[in-house]
Amino acid sequence: MFSQLTLKTSYSDEYFIKVGYDIRNEVIGFLAQGFSTSKIIMVIDGNVDNTFGEDWFNDLKKSFKHVVKCVVPSGEKSKSLSSYNQLLDNILSSGIERKTPLLAIGGGVTGDLAGYVAASVLRGIPLIHVPTTLLAMVDSSIGGKTGINHSTGKNLIGAFYQPKAVFSDLKFLETLPEKEWVNGISEILKCGFINDPSIFEELKELTREGDFSPAKEWKHLVEKSAAIKVHIVARDVKESGIREFLNFGHTFAHVLERIGEYTDYSHGEAVYVGMWAAVFASNKLGADIGIANLKDFKSLYDVYKDGFQTNTDELVSLMQKDKKVQNEKVRLVLLKSLGQPYTRTISDKQLLNSSWDYVKEIFG
Ligand SMILES: NC(=O)c1ccc[n+]([C@@H]2O[C@H](COP(=O)([O-])OP(=O)(O)OC[C@H]3O[C@@H](n4cnc5c(N)ncnc54)[C@H](O)[C@@H]3O)[C@@H](O)[C@H]2O)c1
């Protein structure tokens, strides 16, 4: 259905997003043709490196005389100033030029970190994303947000920096652990709520058997979800308006992630719970959205229960302290109906309390 997606980020800049299966040759062909340099930087996630690194390195070597390989240890802790520094040391000491491309192969952690390195080293070198998690394919590799965490909070250091291209190779998904699939599924469900409810049926088909294979069959859904992000980002590249819609469920989710100290709840689990709360709040404000589209996927989520023992007032007060909140007024993405999002600043604390009480009843 889609041969290739194009994201136009300004009058003169655009890049494509290609989804396929086993497309390493195509990626390397694109790099060899597009960048007439003898050197390339390959930044790769540690786990991905174990299975796929050698093949990618050897094939890159056929087109580039020098392949500077940097392995990013798996996990959120790599989105740090020290990893950033280490990458800069490796890259700068290898003697790069402004046109040396950086190929980022990995999930959102590798993509965000390598993206920020590409944005800042020599004031910007060409970046090409090869996302390897479902979440990175449908979300983090698209839209140009790059960055690292600071001891005072997540994603506090970064830049908007668009890649030259994104290649999503579904072959990577064949080794993806189940909990990482589920992380990506939450963002796909979100796309169903904020844009295209036909996603729910397709997702139900693909998850029916409990496992998610064959990865090849996810092509259409990955493209469809990526297209929704492309559609939204193209209208709001720097997140001053409709890009907020992508935060559906996330304001609630951030609270859960925080009380679970970023370990008890994965981002995807927290977003899933957050979407229940956001649907509830939308209905309280006049919508009439059934919960079947959430319920149908509940068996995929094994949500940690203890967090729901937290006092509701405390949960609400944590929401008011979210970094995106101004003057303690919580801004929610809500739905008028399926596929029709809007944002609203909530001054009615009772609505937030009852939304949390509702999810406590469902998950507690
Ligand atoms: N830039 C954005 O717009 C944006 C959007 C959403 C999330 N993010 C960021 O993305 C990050 C989360 O990304 P993620 O969920 O991809 O996590 P991740 O990059 O940490 O990857 C998850 C795990 O899967 C492993 N892995 C990756 N690909 C694999 C594969 N093909 N086979 C086996 N294992 C594999 C990794 O080693 C890691 O252990 C967070 O830091 C978040 O802040 C950024």
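Residues numbered from 1 in each chain as written. Predicted model: local features only at pLDDT ≥ 70, side-chain atom pairs only at ≥ 80, totals over all residues. Heavy atoms only, no water.

**Some details on the environment of Val-43**
Here is step 1 of the chain: Mapped onto the secondary structure, Val-43 falls in strand E3 (residues 39–45).
Here is step 2 of the chain: For Val-43 and Val-271, which are 228 residues apart along the polypeptide, the C-alpha to C-alpha distance reads 28 Å.
Here is step 3 of the chain: Leaving out residues up to four positions away in the same chain, Val-43 has contacts with Cys-70, Val-72, Leu-87, Leu-102, Leu-103, Ala-104, Ile-105, Thr-110 and Ala-114. (Helix = DSSP H or I, 4+ residues; strand = E, 2+ residues; numbered from the N terminus. Contact = heavy atoms within 4.5 Å.)

**Some points on the site of the ligand**
Here is step 1 of the chain: Taken together, 24 residues lie around the ligand, and Ser-74, Glu-76, Gly-108, Thr-133 and Thr-175 are the ones closest in.
Here is step 2 of the chain: The side chain of Asn-47 places a nitrogen or oxygen atom 2.9 Å from an oxygen atom of the ligand.
Here is step 3 of the chain: A distance of 2.8 Å separates a nitrogen atom of the ligand from a polar atom in the side chain of Thr-132.
Here is step 4 of the chain: When the ligand sits alone it has 870 Å² of accessible area, and the protein chains cover 86% of it.
Here is step 5 of the chain: Elements supplying a minimum of two residues to the shell around the ligand: helix H2 (46–63), helix H4 (108–120), helix H5 (134–140) and strand E8 (153–160).
Here is step 6 of the chain: Tallied by class, residues from the shell around the ligand come to six nonpolar, nine polar and nine charged. (Near = heavy atom within 4 Å. Polar contact = N/O pair within 3.5 Å; in protein donor to acceptor, adjacent residues only side chain to side chain. Areas by Shrake-Rupley, 256 points an atom, 1.4 Å probe, with all protein chains shown as cover. Nonpolar A, V, L, I, M, F, W, Y, C, P; charged D, E, K, R; others polar.)

**Things to note about the domain arrangement of the protein chain**
Here is step 1 of the chain: You can read the domains of the protein chain as domain 1 (5–175) and domain 2 (248–364).
Here is step 2 of the chain: Using only C-alpha atoms to locate each centre, domain 1 and domain 2 end up separated by 32 Å. (Domains from an automatic or database assignment.)

**Examining the environment of Ile-41**
Here is step 1 of the chain: Here Ile-41 shows up in strand E3.
Here is step 2 of the chain: Here Ile-41 falls in the buried class, since its relative accessible area comes to 0%.
Here is step 3 of the chain: For Ile-41 and Ala-118, which are 77 residues apart along the polypeptide, the C-alpha to C-alpha distance reads 9.9 Å. (Buried < 20%, exposed > 50% of the residue type's maximum accessible area, 1.4 Å probe, protein only.)

**Looking at the packing of aromatic side chains**
Here is step 1 of the chain: Summed over all chains, the structure comprises 22 aromatic pairs.
Here is step 2 of the chain: Taking 6.3 Å as the distance between ring centres and 85 degrees as the angle between the ring planes, the aromatic pair formed by Tyr-272 and Trp-276 counts as edge-to-face. Here Tyr-272 and its partner Trp-276 are both found in helix H10 (residues 267–284), four residues apart, which amounts to about one turn of the helix. Comparing Tyr-272 with Trp-276 shows no difference in burial state: the two are buried.
Here is step 3 of the chain: Their ring planes at 90 degrees and their centres at 5.8 Å tell us that Trp-276 and Phe-363 sit as a pair that is edge-to-face. Taken together, the residues Trp-276 in helix H10 and Phe-363 in helix H13 (residues 349–363) connect sequence positions 87 residues apart. When sorted by exposure, Trp-276 lands in the same class as Phe-363, which is buried.
Here is step 4 of the chain: Site record: aromatic cluster; members linked through ring pairs are Tyr-265, Tyr-272, Trp-276, Phe-280, Tyr-301, Tyr-304, Phe-308, Tyr-358 and Phe-363.
Here is step 5 of the chain: Cation over ring: Lys-216 sits above Tyr-21, and NZ or CZ is 4.7 Å from the ring centre. (Phe/Tyr/Trp six-rings, centres within 6.5 Å; stacked < 30°, edge-to-face > 60°. Lys NZ or Arg CZ within 6 Å of the ring centre and 35° of its normal.)

**Some points on the packing of helix H7 (residues 198–207) against helix H8 (residues 219–235)**
Think of two packed helices as two axes; the pair is described by the angle between the axes and how far apart they sit.
Here is step 1 of the chain: At their nearest, the axes of H7 and H8 sit 10 Å apart, and the two run at 150 degrees to each other. In this view, H7 runs roughly antiparallel relative to H8, as classed from their interaxial angle. Considering the relative orientation of H7 and H8, their crossing is left-handed. For the pair formed by H7 and H8, the contact residues are Ser-198, Ile-199, Glu-202, Leu-203 and Leu-206 on the first element and His-220, Leu-221, Lys-224, Ser-225 and Ile-228 on the second. (Axes fitted to C-alpha atoms, helices over the stretch in contact; angles between N-to-C directions. Parallel < 35°, antiparallel > 145°, perpendicular 65-115°, else oblique. Left-handed = near helix turned anticlockwise from the far one by under 90°.)

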